[in-house]
Amino acid sequence: MNYENILTTTQNGITTITINRPSKLNALNKATIEELHQALDTANTDKNTKVIIVTGSGEKAFVAGADISEFANFSVEKGGKLAAKGQEILFDFVENLSTPVIAAVNGFALGGGLELAMSAHFRVASDNAKMGLPEVSLGVIPGYGGTQRLPQLVGKGRAMELVMTAGMIDASTALNYGLVNHVVTQDELLPLAKKLASKIMRNSSVAIGKAIKAVNANYKDGVNGFSVEIEAFGACFGTEDFKEGTTAFLEKRKADFPGK
Ligand code: COA
């Protein structure tokens, strides 16, 4: 598949999706959001992709936000639709994928960029990364899930401060807040993300997909996460991966999971 705004490569079970508009600091315009949806959907259904890494091209930015030039003259109705559609096809979509998604934050992750990183299942960052939700400085609020996911990750007080000040935090503060799991140099960032992906890949993709669903259930209104966990746990017993995982353990060999 040929894309204009993103690059994708699949190697050794890992699909890396690189947002590729460096002259606009990888800002998310409509076309990029649609291409990301397509690429993520393809990777999620691809049996050879066990982990997805999302990153930005260039040395400066992961994503510097939604493309401001595209929505500057929007009406109330169009603004609402922009957020709803974006959440549906990209941000909620990423969070609910059964294939693990790691965000490798290689520079500015602002507004929609931080929201995209927060939709991923976890984040690693380079030491030059800067993160924030500057929307109120533009007279708008985060609309791609930022007001919900930032407090989930860093707590309400820190989220309120970041949103209200429209400020940026550096990578070490993000690490301290629990917003990112690891900070390394820019050169080490993709190798680290790939190393983590390789560790994930040793395990059952089918079980991991169910674990993602169960963890996410904790954050869904009106959903009982414990019930989702019980159901997903039970369902694992009917999978080939479970048979292989337990048999391999008892036979004292490495499991070779057939699933995904
Ligand atoms: N939407 C559209 N274009 C953007 C963008 C965005 N969110 N962020 C950066 N760009 C564009 C700039 O307009 C500029 O394009 P140009 O060269 O055609 O003028 C290019 O990317 C480079 O950005 P520039 O501002 O010149 O880089 P900088 O190093 O001086 O500043 C930032 C970097 C990230 C601090 C600054 O670009 C910025 O504040 N961006 C907007 C962040 C934001 O508010 N995001 C939330 C959007 S809801």
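Right above here is the structure, for reference.
For helix H11 (residues 240–250), the full list of buried residues reads Asp241, Glu244 and Ala248. On an axial view of H11, the arc spanned by its buried residues comes to 65°, and they lie on one face. Among the exposed residues of H11, those pointing more than 90 degrees away from its buried face are Phe249 and Leu250. On the buried face of H11, the contacting elements are helix H9 (205–217).

Let us now look at the sheet that holds strand E8 (residues 130–132). The strand order across the open sheet formed by four strands is E4-E6-E8-E9, and the pairing between neighbours is mixed. Every other strand in the sheet has two partners, leaving strand E4 (61–63) and strand E9 (168–170) as the edge strands with one partner each. The average undirected angle you get between the axes of adjacent strands in this sheet is 20°. Relative to E9, E8 is paired through three bridges, and the arrangement is antiparallel. Among the inter-strand pairings, Met131 is bridged to a residue of E9, identified as Ile169. Seen against the sheet, helix H4 (residues 112–119) touches E4, strand E6 (108–110) and E8 and runs at an angle of roughly 90° to E6.

Attention shifts here to the packing of helix H3 (residues 76–95) against H4. Remark: H3 packs on H4, axes separated minimally by 7 Å, with the N-to-C direction vectors making an angle of 35°. Between H3, through Leu90, Phe91, Val94 and Glu95, and H4, the contact on the second element is made entirely by Gly112, Glu115, Leu116 and Ser119. Tallied by class, the residues present in the contact of H3 with H4 amount to four nonpolar, two polar and two charged.

Rules used throughout
- Residues numbered from 1 in each chain as written.
- Predicted model: local features only at pLDDT ≥ 70, side-chain atom pairs only at ≥ 80, totals over all residues.
- Heavy atoms only, no water.
- Buried < 20%, exposed > 50% of the residue type's maximum accessible area, 1.4 Å probe, protein only.
- Helix = DSSP H or I, 4+ residues; strand = E, 2+ residues; numbered from the N terminus.
- Arc of directions from axis to C-beta.
- Contact = heavy atoms within 4.5 Å.
- Pairing = 2+ DSSP bridges.
- Axes fitted to C-alpha atoms, helices over the stretch in contact; angles between N-to-C directions.
- Nonpolar A, V, L, I, M, F, W, Y, C, P; charged D, E, K, R; others polar.

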